[in-house]
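Residues per chain, in single letters:
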Amino acid sequence: MSMNQPITQPVIKADGFTLRPMTKADAGQITLYASDARVAKATKTIPHPLPDGVTEAFIDRALSVDRTEDVWVIDPSDDGSEVLGAIGLERMDRNQSEIGYWVAPAAWNNGFASAAVSAIIEANPQACRTIFGAVFQDNPASARVLTNAGFDYIGEAESFSVARGVTVPTWTYIKKLD
């Protein structure tokens, strides 16, 4: 694909919300939720405390023509103005992607993460043959999101958490789509 040719990212309808590409207008709500230590410490890449400009740089990368990850906002509004979380697919080689997601703490235990993962799998916007997911072992709720979406457990590993400043044990899952 040419570096000048934009990568299209579809809007994906789900039950009770829309997965839509990020916009610069989402920065305030993303900053609010990403600043929460509970959210940051459940991800590999969100720092805590959240430095100025990190959200804007994240949105710029998500909107970049040559990005390697597609990121959608979980938006329950009718007018595209709310953020309940985010879900992304990082492109890998051999028609594979890695999934990552977070949901605002106020919306936890309401099925948004499970529904968002299921909607991404059904839409398969990157035409993946395989999707991987890894969750920190101290976050069994995220593991349930993946297993409920039909992911199979394939083993343990570890990943560095920027917010924690340490390497954290993970469980790794796979979903074959072909």
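Residues numbered from 1 in each chain as written. Predicted model: local features only at pLDDT ≥ 70, side-chain atom pairs only at ≥ 80, totals over all residues. Heavy atoms only, no water.

Structural notes on the packing of aromatic side chains
- Counting across every chain of the model gives three aromatic pairs.
- Between the NZ or CZ atom of arginine 38 and the centre of the ring of tryptophan 108, over which it lies, the distance is 5.5 Å.
- Between the NZ or CZ atom of arginine 164 and the centre of the ring of phenylalanine 136, over which it lies, the distance is 4.8 Å. (Phe/Tyr/Trp six-rings, centres within 6.5 Å; stacked < 30°, edge-to-face > 60°. Lys NZ or Arg CZ within 6 Å of the ring centre and 35° of its normal.)

Side note on the nonpolar core
- By size, the foremost hydrophobic cluster in this structure holds 28 residues, and its most contacted members are Leu19, Ile87, Ile99, Tyr101, Val117 and Phe151.
- Broken down by element, this core gets its largest block of residues, seven residues, from helix α4 (residues 112-123).
- Residues Met22, Ile30, Ala62 and Trp102 belong to the second largest nonpolar core, which totals 18 residues. (Core = buried A, V, L, I, M, F, W, Y, C linked by side-chain atoms within 4.5 Å. Buried < 20%, exposed > 50% of the residue type's maximum accessible area, 1.4 Å probe, protein only. Helix = DSSP H or I, 4+ residues; strand = E, 2+ residues; numbered from the N terminus.)

Notes on the packing of helix α1 (residues 27-34) against helix α3 (residues 54-63)
- Contact geometry for α1 and α3: axes closest at 9 Å, N-to-C directions at 120°. Comparing the axis directions of α1 and α3 gives the class oblique. Two packed elements cross with a definite hand, and for α1 against α3 that hand is right-handed. Seen from α1, the contacting residues are Ala27, Ile30 and Thr31; seen from α3, they are Thr55, Glu56 and Ile59.
- Looking at the contact of α1 with α3 residue by residue, the class counts come to three nonpolar, two polar and one charged. (Axes fitted to C-alpha atoms, helices over the stretch in contact; angles between N-to-C directions. Parallel < 35°, antiparallel > 145°, perpendicular 65-115°, else oblique. Left-handed = near helix turned anticlockwise from the far one by under 90°. Contact = heavy atoms within 4.5 Å. Nonpolar A, V, L, I, M, F, W, Y, C, P; charged D, E, K, R; others polar.)

Topic: the environment of arginine 67
- Relative to the assigned elements, arginine 67 resides in the loop between α3 and β3 (69-75).
- Along the backbone, arginine 67 and glutamate 90 are 23 residues apart, and their C-alpha atoms lie at a distance of 9.1 Å.
- At a separation of 3.4 Å, a polar atom in the side chain of arginine 67 contacts the side chain of glutamine 9. (Polar contact = N/O pair within 3.5 Å; in protein donor to acceptor, adjacent residues only side chain to side chain.)

A closer look at the pairing of strand β6 (residues 130-136)
- Counting buried positions along β6 yields six of seven residues, so the element is predominantly enclosed.
- Bridge analysis of strand β5 (residues 96-103) against β6 gives four bridges, and the strand direction is parallel. Among the inter-strand pairings, glutamate 98 is bridged to a residue of β6, identified as phenylalanine 132.
- In the classification by handedness, the crossover that spans β5, the intervening α4 and the parallel β6 is right-handed.
- Direction of pairing for β6 relative to strand β8 (residues 166-176): antiparallel, over a ladder of seven bridges. (Pairing = 2+ DSSP bridges. Right-handed = clockwise from strand over helix to strand, strands pointing away.)

A short note on the sheet that holds β3
- Judged by pairing direction, the sheet is mixed, and its eight strands sit side by side in the order β1-β2-β3-β4-β5-β6-β8-β7 without closing on themselves. The sheet is open, and its two edges are formed by β1 (12-14) and β7 (152-161), each paired on a single side. Each strand axis lies, on average, 25° off the axis of its neighbour in the sheet, ignoring direction.
- For strand β4 (residues 85-91) and β5, the ladder comprises seven bridges, and the chain directions are antiparallel. Its bridge partner lying in β5, isoleucine 87 is registered against tyrosine 101.
- Contacting β5, β6 and β8, helix α5 (residues 140-148) runs over the sheet at an angle of about 15° to β8.

Things to note about the pattern of salt bridges
- Tallied over the entire structure, the rule returns ten salt bridges.
- Note that aspartate 60 is salt-bridged to lysine 24, the shortest N-O span being 2.5 Å. Here the residue aspartate 60 occupies a position in helix α3, and lysine 24 occupies one in the loop between β2 (17-21) and α1, the gap between them amounting to 36 residues.
- For aspartate 70, the salt bridge goes to arginine 91, with nearest N and O atoms at 2.8 Å. With aspartate 70 in strand β3 and arginine 91 in strand β4, this pair connects stretches of sequence that are 21 residues apart.
- The exposure class assigned to aspartate 70 is buried, which follows from its relative accessible area of 2%.
- The exposure class assigned to arginine 91 is partly exposed, which follows from its relative accessible area of 29%.
- Through salt bridges with shared partners, one network takes in Arg20, Asp26 and Asp75. (Salt bridge = Lys/Arg side-chain N within 4 Å of Asp/Glu carboxyl O.)

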